[in-house]
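# A closer look at the structure
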Amino acid sequence: MEDENIKQLFSAFNPSIGSSDQFMTRLLRNMEIVEMVKQNNLALKRRNRLAVLIAALCGFVVGVILTLLFPLVGDWVSSFSISLPHLTIASLTIDYRFVGWIVMAGVSCITALNAYEVAMSKMTPSTVR
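What comes next is a walk through the structure. Everything numeric in this text was worked out from a predicted model, so none of it was measured.

How each quantity is defined
- Residue positions are counted from 1 within each chain, in the order its sequence is given.
- Residue-level local features of this predicted model are given only where pLDDT is at least 70; pairs of side-chain atoms are given and counted only at 80 or more, and the full residue set underlies all totals for whole chains, interfaces and linings.
- Note that the side-chain values use all heavy atoms of the structure and ignore hydrogens as well as water.
- The way it works is that DSSP assigns letters per residue, a run of H or I at least four long becomes a helix, a run of E at least two long becomes a strand, and they are numbered from the N terminus.
- Burial status follows relative accessibility: with a 1.4 Å probe on protein chains alone, a residue under 20% of its type maximum counts as buried, one over 50% as exposed, and anything between as partly exposed.
- Only four residue types enter the tally: Lys and Arg on the positive side, Asp and Glu on the negative side, with His and both chain ends excluded.
- Salt-bridge detection follows one rule: a side-chain nitrogen of Lys or Arg within 4 Å of a carboxyl oxygen of Asp or Glu.
- Every patch collects residues that have over 30% relative accessible area and no salt bridge, joining them within 9 Å if they carry like charges and within 5 Å if they are nonpolar side chains (Val, Leu, Ile, Met, Phe, Trp, Tyr).
- Only the protein chains shown count as covering a residue, and every accessible area follows the Shrake-Rupley method with a 1.4 Å probe.
- A 3.5 Å cut-off defines polar contacts: any pair of N or O atoms within that distance qualifies, except that in protein one atom must be a possible hydrogen donor and the other a possible acceptor, and neighbouring residues in sequence count only when both atoms are side-chain atoms.
- Contact definition: two residues touch when any of their heavy atoms are within 4.5 Å.

This paragraph deals with the side chain of Arg47. If you trace the backbone, Arg47 turns up in helix α2 (residues 20-68). With no salt bridge to any partner, buried Arg47 finds its closest opposite charge in Glu117, at an N-O distance of 8.5 Å.

Take a look at the structure:
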């Protein structure tokens, strides 16, 4: 029964067939559009890879600089005292070196993220090709 319904549906279907010149023109135009999209996607991939490379290098350089400056910054940070009056623990020991490393890692990550954003905003797909 379903085969009869399908046969009736397709028996009434009579598509109009245009000239082959129109078909080829439309096909070539669509193929050119697909090629443009492929080229644009390749340029965007290159742009993204370059921005990631720039961000990684910036984060690495900032991390190295902060690591070299760590003894100076560590002495400066350890000079601060933190008083927490509502804390009932008798003695609170804060390892300033650990806090310093966390701050340095955060600064390196933020620098890398900002470098990525700046690189992506400054590069246009046409400059990456």
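The next point concerns a nonpolar patch on the surface. Together, Phe60, Val61, Val64, Ile65, Leu68, Leu69, Leu72, Val73 and Trp76 give the surface a local cluster of nonpolar side chains, amounting to about 910 Å² of exposed area. Of all the elements in the fold, those that place two or more residues in the nonpolar patch are α2 and α3 (70-78). Looking at the nonpolar patch, the element that brings in the most residues is α2, giving 5 residues. The residue Val61 is located in helix α2 in this model. Assessed through its relative accessible area of 43%, Val61 is described here as partly exposed.

Moving on, we come to the side chain of Ser108. Relative to the helices and strands, Ser108 resides in helix α4 (residues 96-122). Separated by 3.4 Å, the side chain of Ser108 and the backbone nitrogen of Gly63 make a polar contact. The residues touching Ser108, leaving out its near neighbours within four places in the chain, are Gly59, Val62, Gly63 and Leu66.

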